[in-house]
Amino acid sequence: MIYVIALLCVVGIAAGQILFKLSAISLQRTGTFFDVKTILILGSAFALYGLTTIAWVWVLQKIELGKAYPLMALAFVLVPIGSHFILGERFQMQYVFGVILIAFGIMLAVKS
């Protein structure tokens, strides 16, 4: 169960990054932080980051940092995937290969 919550933290961090990018896009479009859409997106990102940080501290009470922290590297895999599907970003094959290597490295570290 603790690993499920740890993975939810990672997904929350990755989603927060996507929300930060969406708020940056909104800010660029409107030119002000005071636009309602920009405030809502940015506030959502901050709230998600806050909740996942609290959950992450709880996770660290239950398992060793050395076991939990490699899971956080999954954000390096999830953010590019999310940015491709949500933001339409494109990546070179070399980048995709790097993300695959990160995923294998995470699996290796977690199983050790």
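Residues numbered from 1 in each chain as written. Predicted model: local features only at pLDDT ≥ 70, side-chain atom pairs only at ≥ 80, totals over all residues. Heavy atoms only, no water.

Novice: Hey, could you run me through the side chain of S23 in this one?
Specialist: With respect to the element layout, S23 can be found in helix α1 (residues 2–30). The exposure class of S23 is buried, given its relative accessible area of 6%. (Helix = DSSP H or I, 4+ residues; strand = E, 2+ residues; numbered from the N terminus. Buried < 20%, exposed > 50% of the residue type's maximum accessible area, 1.4 Å probe, protein only.)

Novice: Is there a simple way to think about the environment of V10 in this case?
Specialist: Note that V10 resides in helix α1. Each C-alpha atom of the pair V10 and L78 lies 8.5 Å from the other, and the pair is 68 residues apart in sequence. Excluding anything up to four places from it in sequence, V10 contacts L71, M72, L74, A75 and L78. (Contact = heavy atoms within 4.5 Å.)

Novice: What is the right way to look at the layout of surface pockets in this model?
Specialist: Reported here for the largest pocket is a volume of approximately 160 Å³. When residues of the lining of the largest pocket are traced back to their parent elements, those giving at least two are α4 (75–87) and α5 (93–111). When the residues that make up the lining of the largest pocket are grouped by side-chain class, the tally is eight nonpolar, one polar and no charged. (1 Å grid on protein atoms, 1.4 Å probe; cavity = no way out; pocket = protein on both sides within 12 Å on 5 of 7 lines; lining within 4 Å. Points joined across faces, edges and corners; volume = space filled by probe spheres on them. Nonpolar A, V, L, I, M, F, W, Y, C, P; charged D, E, K, R; others polar.)

Novice: Help me understand a nonpolar patch on the surface, please; the structure alone is not making it clear to me.
Specialist: On the surface, F91, M93, Y95, V96, I100, F104 and M107 cluster together into a nonpolar patch covering about 680 Å² of accessible area. Looking at the secondary structure, you find I100 in helix α5. On the basis of relative accessibility, which here comes to 39%, the residue I100 falls in the partly exposed class. (Patch = residues over 30% accessible without salt bridge, like charges linked within 9 Å, V, L, I, M, F, W, Y side chains within 5 Å. Areas by Shrake-Rupley, 256 points an atom, 1.4 Å probe, with all protein chains shown as cover. Salt bridge = Lys/Arg side-chain N within 4 Å of Asp/Glu carboxyl O.)

Novice: Mind showing me how you'd approach the packing of α4 against α5 here?
Specialist: The relative placement of two packed helices is expressed as an angle between their axes plus a distance between the axes. Axis separation between α4 and α5 bottoms out at 9 Å; the angle between their running directions is 145 degrees. Where α4 crosses over α5, the handedness of that crossing is left-handed. For the pair formed by α4 and α5, the contact residues are F76, V77 and P80 on the first element and Y95, V99, I102 and A103 on the second. (Axes fitted to C-alpha atoms, helices over the stretch in contact; angles between N-to-C directions. Left-handed = near helix turned anticlockwise from the far one by under 90°.)

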